[in-house]
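Coordinates in review
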Amino acid sequence: MSDGRPGARTRGRGYAGLPRWVFVPAAAGAVFVLLPLAAMLLKVDWANFPSLVTSESSRAALVLSLKTSVASTLLCVLLGVPMAMVLARTRFRGQRIVRSLVLLPLVLPPVVGGIALLYTFGRRGLLGHTLEVLGIQIAFSTIAVVIAQAFVALPFLVLSLEGTLRSVGQRYEEVAATLGGKPTFVLTRVTFPLVLPGLASGAVLAFARSLGEFGATLTFAGSLQGVTRTLPLEIYLQRETDADAAVALSLVLVVVAVLVVSLAQGRGKR
């Protein structure tokens with residue numbers, strides 16, 4: 001029932017005043033996204049699905065992907081939270097340039113990012129040569145996988161958290177500071193609780209991006225089973241030798257991605 005106020009009739013169902021023609025391209029877009037997934041489902045060899053996704057190489061790739069994605073997400077949180085706070089709460093000369101550079105991996109081809117990392121941490125790279133002298137080798141190791149994933153996933157967390165910081169404003173922080181709260185106290189007891197949903201969403205998105213990373217990982221870390229061969233790399237290799245296994249593993253990755261994105265959306269709404 002309507003309470004007589006404008007918009008009350010559609011409040012529970014959302015805005016219903018869109019022109020009908022809008023639904024045509026919207027439906028076409030939905031089909032464009034869902035049709036390839038449906039085609040992949042029809043291609044899966046369900047009779048042999050368990051054996052295809054539980055082979056030794058598949059299990060090793062999945063476990064490695066999950067471990068490195070968790071590690072890269074933690075690295076993104078460690079580096080991305082301070083970056084987002086500086087970008088959202090301060091003003092300085094060249095801030096737009098800094099923000100553009102931080103978000104550059106969003107539009108940069110992953111292979112280019114892998115090459116940049118290789119020339120930074122490789123044996124003859126900018127820092128890699130010094131690290132090699134100290135007996136530390138990063139390129140083509142599991143650490144390289146984590147670094148490559150964090151490089152491409154970091155902007156997702158920074159962008160999400162910066163947007164949350166700007167939307168909540170600074171009024172509560174200003175009140176806490178007026179009451180005598182020290183900057184660290186205000187940060188940990190006021191700011192963090194306010195932006196926790198945005199931080200959680202950003203972390204989940206960073207995890208999802210890390211889980212699906214391919215180009216930078218292959219270029220910077222290579223493809224060594226049990227060491228650097230993550231699930232996307234395993235799918236690519238299986239595509240050349242066993243198409244059924246590649247499709248089955250792709251389905252596993254899609255299911256994990258859907259769960260992660262759903263979790264991020266749920267936390268974002270809360």
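Residues numbered from 1 in each chain as written. Predicted model: local features only at pLDDT ≥ 70, side-chain atom pairs only at ≥ 80, totals over all residues. Heavy atoms only, no water.

The name given to the protein in an unreviewed UniProt entry is Molybdenum transport system permease, with the source organism recorded as Calidifontibacter indicus. As recorded by UniProt, the Sequence similarities (unreviewed entry) comment attached to the protein reads in full: "Belongs to the binding-protein-dependent transport system permease family. CysTW subfamily." (UniProt positions renumbered as here; feature names shortened; annotations may be inferred.)

What follows deals with the UniProt feature "transmembrane region" (unreviewed entry) in the protein. Here the UniProt-annotated "transmembrane region" (unreviewed entry) positions come out as residues 21-42, 62-88, 100-122, 134-161, 190-208 and 245-264. Across residues 21-42 one finds 91% helix and 0% strand; the C-alpha atoms that close the span lie 31 Å apart. Each end of residues 62-88 is marked by a C-alpha atom, and these two atoms are 36 Å apart; helix forms 100% of the span and strand 0%. (Helix = DSSP H or I, 4+ residues; strand = E, 2+ residues; numbered from the N terminus.)

So, on to unusual backbone geometry. Backbone geometry at Phe-140 places phi at a positive 60°, although glycine is not the residue there. Here Phe-140 is to be found in the loop between helix 6 (128-133) and helix 7 (142-168).

Turning our attention to the packing of aromatic side chains. One pair of aromatic rings is described through two measures. These are the centre distance and the angle between the planes. On inspection of all chains with the given rule, the structure shows three aromatic pairs. Where Phe-121 meets Phe-220, the ring centres are 6.3 Å apart and the plane angle is 50°; that geometry is what we call tilted. You can see Phe-121 sitting in helix 5 (residues 110-121) and its partner Phe-220 sitting in helix 10 (residues 215-221), a full 99 residues away along the chain. With a centroid separation of 5.4 Å and an interplanar angle of 55°, the aromatic rings of Phe-214 and Tyr-236 are classed as tilted. Taken as a pair, Phe-214 in the loop between helix 9 (183-211) and helix 10 and Tyr-236 in helix 11 (residues 231-241) lie far apart in primary sequence, 22 residues in all. Given a relative accessible area of 40%, Tyr-236 falls into the partly exposed group. (Phe/Tyr/Trp six-rings, centres within 6.5 Å; stacked < 30°, edge-to-face > 60°. Buried < 20%, exposed > 50% of the residue type's maximum accessible area, 1.4 Å probe, protein only.)

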